[in-house]
Amino acid sequence: MSWTGRQARRSEDTHMMISQELREKILADSALGAGNVLHRLAGYGRTPDEQVLWLDGTWRSPSGEHPEVLTLGELYEVVETYAGFYTAAGVRPADAVAIVSTSITDFALNLLALTSIGAIASLVNGNMPDEVRREFIRRQQVVGIITDAERHPVLAAQLGDEPSMLFVARHDDIQVEHRKARPEHYPFRHANSDPILISHSSGTTGIPKAAFHTHETLFHGALARLEDGQDCSTRSRLLALPGHHISAMSMTLLGLMLGAPVIHWTNSTASSVLDGIEKHKPGIAFAFTHVFTDMASEDLSKRDLSSLEAFYCSGDAAHEVHIRRLIEKGSHTVTGKDLKPKQVPGSIFIDMFGSTEAGYVLFDFGHRSGGPSLGRCIGRPMRFAQAAILSELGEMLPPGEVGRLGVKSKSLTPGFWNDNVRWHKQWLGGYFLTGDLAYRDAAGNFYHMDRTTDAIRTADGFVYSAYTEELLLREYPEIIDCTVVAVVEEGVRAGWEDDGIAEVFAFVHLVDGTEPAAEFSGDITAWVNAALSKHGLPHISGAAAVPVNQVPIGITGKVLKRVVRDQVKQFAGQERGNG
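Calculation rules
Per chain, residue numbering runs from 1 following the sequence as it is written. With the structure being a predicted model, the display of local features is reserved for residues of pLDDT at least 70 and the display and counting of side-chain atom pairs for 80 or more, all residues being used for whole-chain, interface and lining totals. Only heavy atoms go into the side-chain values, all of them from the structure, while hydrogens and water stay out. Numbering of helices and strands runs from the N terminus; a helix is a DSSP stretch of H or I covering at least four residues, while a strand is a stretch of E covering at least two. It is over C-alpha atoms that the radius of gyration is taken, and the globule rule equals 2.2 Å times the number of residues to the power 0.38. Under the scheme applied here, a residue whose accessible area is under 20% of the maximum for its type counts as buried, over 50% as exposed, and between as partly exposed, the area being computed with a 1.4 Å probe on protein chains only. Two residues form a contact once any of their heavy atoms are found within 4.5 Å. Any pair of N or O atoms that falls within 3.5 Å is considered a polar contact. Within protein, one atom must be able to donate a hydrogen and the other to accept it, and sequence-neighbouring residues count only if both atoms are side-chain atoms. Here, a salt bridge means any side-chain nitrogen of Lys or Arg that lies within 4 Å of a carboxyl oxygen of Asp or Glu. Strand pairing is assigned whenever DSSP identifies at least 2 bridges connecting the two strands. For helices, the axis comes from a line fit to the C-alpha atoms of the stretch in contact; other axes are also lines fit to C-alpha atoms, and the angle between any two N-to-C directions lies between 0 and 180 degrees. Each angle gets one of four labels, with under 35 degrees taken as roughly parallel, over 145 as roughly antiparallel, 65 to 115 as roughly perpendicular, and the rest as oblique. Polar here means any residue other than Ala, Val, Leu, Ile, Met, Phe, Trp, Tyr, Cys and Pro, which are nonpolar, and Asp, Glu, Lys and Arg, which are charged; Gly is therefore polar. Geometry of aromatic contacts follows a simple scheme: Phe, Tyr and Trp rings, the Trp one being its six-membered ring, pair when their centres are within 6.5 Å, and the pair is stacked under 30 degrees between planes, edge-to-face over 60, tilted otherwise.

### Looking at the overall build of the chain
If you tally the helices and strands in the chain, you get 15 helices and 28 strands. In terms of overall dimensions, the chain is globule-like: its C-alpha atoms have a radius of gyration of 24 Å, near the 25 Å expected for 579 residues. With the principal axes as the frame, the chain shows a C-alpha extent of 75 × 65 × 45 Å. A burial count over the chain gives 57% of its 579 residues as buried.

And the structure:
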């Protein structure tokens, strides 16, 4: 198996949607699920010499090379080789193996291999703090760990003696000859309820939740959308998503199924993703919210984004100000008055609202250049899902009233691995609680206000941090981004579920060379409060302008507001001392 000297040659996107014939063939395949996508492709007429997966150099093949692209035939060989390695190591159906990495390709290939023998891939972000990672993996009772040379010594020392552990191996332990060791009955035949993957939440509040998905749940949403004639694009897609997250895996599987070129891009810094777009010229770019936020802060006039038709944003709701900077670029297809397709300037931004537990995004809302400004609208639930705004007693709230966002769907995780208590506490009134606060309007559109952990109870009422951040960004073009947090006395809790009272503080990140209007004499707090007063919102106690790189982020790029709160306390203390 050698890729030496072969060039990646991705053809231009000449077809935008799968054929009706292929769509019908996929929907008629009753055996298809997330656990066997790769092994169903031959039945759809796909050929081994078709190039399907473009790589970013973070993956090392069993023969020691770093190919730029894999054909379908080569992908089969790699997966069979990995499957042979795991079989030789003693992995059997229903066993879980931890994949500890940061490479999106590492996660994808190990997932394909483990599911091909009926095992379960536990995807673990390699940047997780050592002690948190140790406890997260230990609770799952995995039979093995595969990782890179850098992380191997620590993982072997921490977990090598666990009773369930058969091996702690490195990726370079997998050799070409392992292909011969794959099981006699290969590939494994899944039932819908068979677990195939364990993924974790961001872990911004402690040990991450280990949500698992099955052969059915991880692909239920994708197939339901396909049935509706949605998400059928064969445009090439660049995935700058965290490799351990279900969104990266489900979008890889969906791309393979549709015959859409899939481009893995592990480095999700804004400049790197822009480099990837210029290099590969994808039709669609997938990333988390913070990546697009950072991209919107770049000088996009110096970048070639002409290939893009759409940005797909996974995770938390994005801020509209950042969205509008991005959709000025690229172009998309519309149907003209003559009922013929035509290209118009500007891309589409699809804000996909979901979570690790959801299995697939449950809401999406499309933003287009010149379209209406709807703030933090996340749209309506997709056909395969239901949603409600709930009171603390699990009662449905009327339009316009903020409450807990609850969802129902066959795509939801069946539970948290080895953690039933945590799982059952996340249900209310028959709905799974996403951990978000929202409201709906009379037309059935839902609007995201905040995370339940980030809402702030003040003497003047609740301050919704995400909503407040959105408002400040919309009011002041001088602000690139901002973070709003609570300041409380030691031992006091002032969140959505608490009785304490907090003050509110904001860190704002200004465009280089800008400052508040002269009338505020450099007073950031007064400047921020002027915007809040304009909209009838409670004032904050303090604000400061800080560089973006001073705000701590977690392993998935989310702002660690619990750490920011500690920073604010220190800052506020210094200010009082200076006063």
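Structure's up, so let's keep going.
### Observations concerning the environment of Arg383
Here Arg383 lies in the loop between β17 (377-379) and β18 (385-390). Of the residues examined, Arg383 reaches a relative accessible area of 54% and is grouped as exposed. On a C-alpha basis, the gap between Arg383 and Ser465 in space is 30 Å, while along the polypeptide they are 82 residues apart. What Arg383 contacts, discounting residues up to four positions off in sequence, is Ala224, Glu227 and Asp228. Here Asp228 takes part through its side chain, which lies 2.7 Å from a polar atom of the side chain of Arg383.

### Things to note about the pattern of salt bridges
Per the counting criterion, the structure on display carries 28 salt bridges. In this structure, Arg170 engages Asp172 in a salt bridge whose closest nitrogen and oxygen atoms are separated by 2.8 Å. Where Arg376 meets Glu470, a salt bridge forms, and the shortest distance between an N and an O atom there is 3.2 Å. Highlighted residues: Arg376 in the loop between β16 (363-368) and β17 and Glu470 in helix α13 (residues 465-475), separated in sequence by 94 residues. In the salt-bridge network here, residues are joined through shared partners; they are Glu131, Arg134, Glu135, Arg138 and Arg139.

### Topic: the sheet that holds strand β28 (residues 542-545)
Each strand in a sheet pairs with another by means of backbone hydrogen bonds, the pair being arranged parallel or else antiparallel. Taken in spatial order, the three strands of this open sheet run β26-β27-β28, and their pairing is mixed. Each of the sheet's edge strands pairs with one partner strand only, and the pair in question is β26 (479-487) and β28. Each neighbouring strand pair of the sheet contributes to a mean axis angle of 20°, computed without reference to strand direction. Sheet analysis places β26 next to strand β27 (residues 503-510), joined by eight bridges and oriented antiparallel. Paired with Cys482 across the strands is Val508, a residue of β27.

### What about the pairing of strand β15 (residues 348-353)?
Burial runs high along β15: six of the six residues are buried. Burial along β15 is two-sided: Ile348, Ile350 and Met352 facing one way and Phe349, Asp351 and Phe353 facing the other are all buried. Judged from the six bridges that link them, β15 and β16 form a sheet pairing that is antiparallel. Bridged to Phe349 within β16 is His367.

### What about the sheet that holds strand β4 (residues 120-125)?
Read from one edge to the other, the open sheet built from seven strands follows the order β6-β5-β3-β4-β7-β8-β20, with strand pairing classed as mixed. Both edges of this open sheet fall to β6 (167-170) and β20 (415-416), since each of them pairs with a single strand only. One ladder, built from six bridges, connects strand β3 (residues 96-101) with β4; its direction is parallel. Across the sheet, the residue bridging to Ile99 is Leu123, located in β4. Contacts from helix α3 (residues 72-88) reach β3, β5 (144-147) and β6 within the one sheet, and its direction differs from that of β6 by about 150°.

### Here's the deal with the packing of helix α9 (residues 270-280) against helix α10 (residues 289-296)
Between α9 and α10, the shortest axis-to-axis distance is 8 Å and the interhelical angle comes to 85°. Overall, the two elements α9 and α10 adopt an arrangement that is roughly perpendicular. Contacts between α9 and α10 involve Ala270, Val273, Leu274 and Ile277 from the former and Val291, Asp294 and Met295 from the latter. Here the residues of the contact of α9 with α10 sort into six nonpolar, no polar and one charged.

### A closer look at the environment of Arg179
Tracing the sequence through the fold places Arg179 in the loop between β6 and β7 (195-200). Sequence-wise, Arg179 and Leu393 are 214 residues apart; in three dimensions their C-alpha atoms are separated by 55 Å. Non-local contacts of Arg179, meaning those with residues more than four positions away in its chain, are made with Glu77, Glu80 and Thr81. Engagement of the side chain of Arg179 in a polar contact is seen with the side chain of Glu80, the distance being 2.7 Å.

### Quick word on the packing of aromatic side chains
A complete count under the given rule lists 21 aromatic pairs for this structure. Aromatic ring contacts, followed pair by pair, group Phe416, Trp423, Trp427 and Phe432 into a single cluster.

All we've got here are geometric facts, nothing functional implied.
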